[in-house]
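Summary of structural features
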Amino acid sequence: ENEHLKPLAAIAEKIASAENTMTIKDFAKSVGEGPVKIFGKLARIGVLFRNSEMDWVPKQELLERGYFKTIVNTIPHGSRIVQHTTTLITGKGEVWLAQKLMEAS
């Protein structure tokens, strides 16, 4: 049985070690979910929360583990400047999150 799982383990290892990142919307597509549904699921299982600007951001612990990265952009909004945070999933985070979602189902 372990021999049968070796190719899957190799794929997971390759994804986990990848340097690239993806948005949560792209991750949702890759697992066959809509973005609204995936954001809701990730909030329910305690992975994401809304910050003061109402952006979805991961828990600090998950950033420190290397599952996510965030990018903060400043955007003019009328007479003020707003900070907008984009959350990206790392390769390591893709593998972890896919497993977390399977456990939550």
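Analysis parameters
- Residues numbered from 1 in each chain as written.
- Predicted model: local features only at pLDDT ≥ 70, side-chain atom pairs only at ≥ 80, totals over all residues.
- Heavy atoms only, no water.
- Salt bridge = Lys/Arg side-chain N within 4 Å of Asp/Glu carboxyl O.
- Buried < 20%, exposed > 50% of the residue type's maximum accessible area, 1.4 Å probe, protein only.
- Helix = DSSP H or I, 4+ residues; strand = E, 2+ residues; numbered from the N terminus.
- Contact = heavy atoms within 4.5 Å.
- Polar contact = N/O pair within 3.5 Å; in protein donor to acceptor, adjacent residues only side chain to side chain.
- Core = buried A, V, L, I, M, F, W, Y, C linked by side-chain atoms within 4.5 Å.
- Phe/Tyr/Trp six-rings, centres within 6.5 Å; stacked < 30°, edge-to-face > 60°.
- pLDDT = per-residue confidence, 0-100.

1. Considering the pattern of salt bridges
Following the criterion strictly, the structure yields 3 salt bridges and no others. The partner of glutamate 61 in a salt bridge is arginine 65, with the nearest N and O atoms 2.4 Å apart. With a relative accessible area of 40%, glutamate 61 lands in the partly exposed category.

2. Thoughts on the side chain of threonine 85
Looking at where threonine 85 falls in the secondary structure, it is placed in strand β5 (residues 80-90). Threonine 85 gets classed as buried once you look at its relative accessible area, which sits at 12%. The contact partners of threonine 85, leaving out residues within four places of it in the chain, are Asn51, Asp55, Val57, Thr70, Ile71 and Val72.

3. Observations concerning the environment of lysine 92
On the secondary structure map, lysine 92 appears in helix α5 (residues 91-104). Engagement of the side chain of lysine 92 in a polar contact is seen with the backbone oxygen of arginine 65, the distance being 2.8 Å.

4. Details of the nonpolar core
Ranked by internal contacts, the top residues of the largest apolar core, which has 16 residues, are Ile38, Leu42, Val47, Phe68 and Leu97. At the level of secondary structure, the elements contributing two or more residues to this core comprise α2 (24-30), α3 (35-44) and α5. Contacts of leucine 42, omitting those with residues within four sequence positions, involve Ile24, Val47, Leu48, Leu97 and Leu101.

5. Some details on the packing of aromatic side chains
What the rule picks out here adds up to 2 aromatic pairs. With a centroid separation of 5.8 Å and 20° between ring planes, the pair formed by phenylalanine 39 and tryptophan 56 is classed as stacked. Note that phenylalanine 39 is positioned in helix α3 and tryptophan 56 in strand β3 (residues 56-58), a separation of 17 residues in sequence. Exposure remark for phenylalanine 39: the relative accessible area of 15% places this residue in the buried category. Arranged with centres 4.5 Å apart and planes meeting at 10°, the rings of tyrosine 67 and tryptophan 96 form a pair that is stacked.

6. Thoughts on the confidence of the model for the protein chain
Detailed reading of the predicted model is not advised wherever pLDDT is low. Averaged over all residues, the pLDDT of the protein chain is 84; the fraction at 70 or higher stands at 82%. Within the protein chain, no element has a lower average pLDDT than helix α1 (residues 2-16), which sits at 53, and none a higher one than helix α4 (residues 60-64), at 96.

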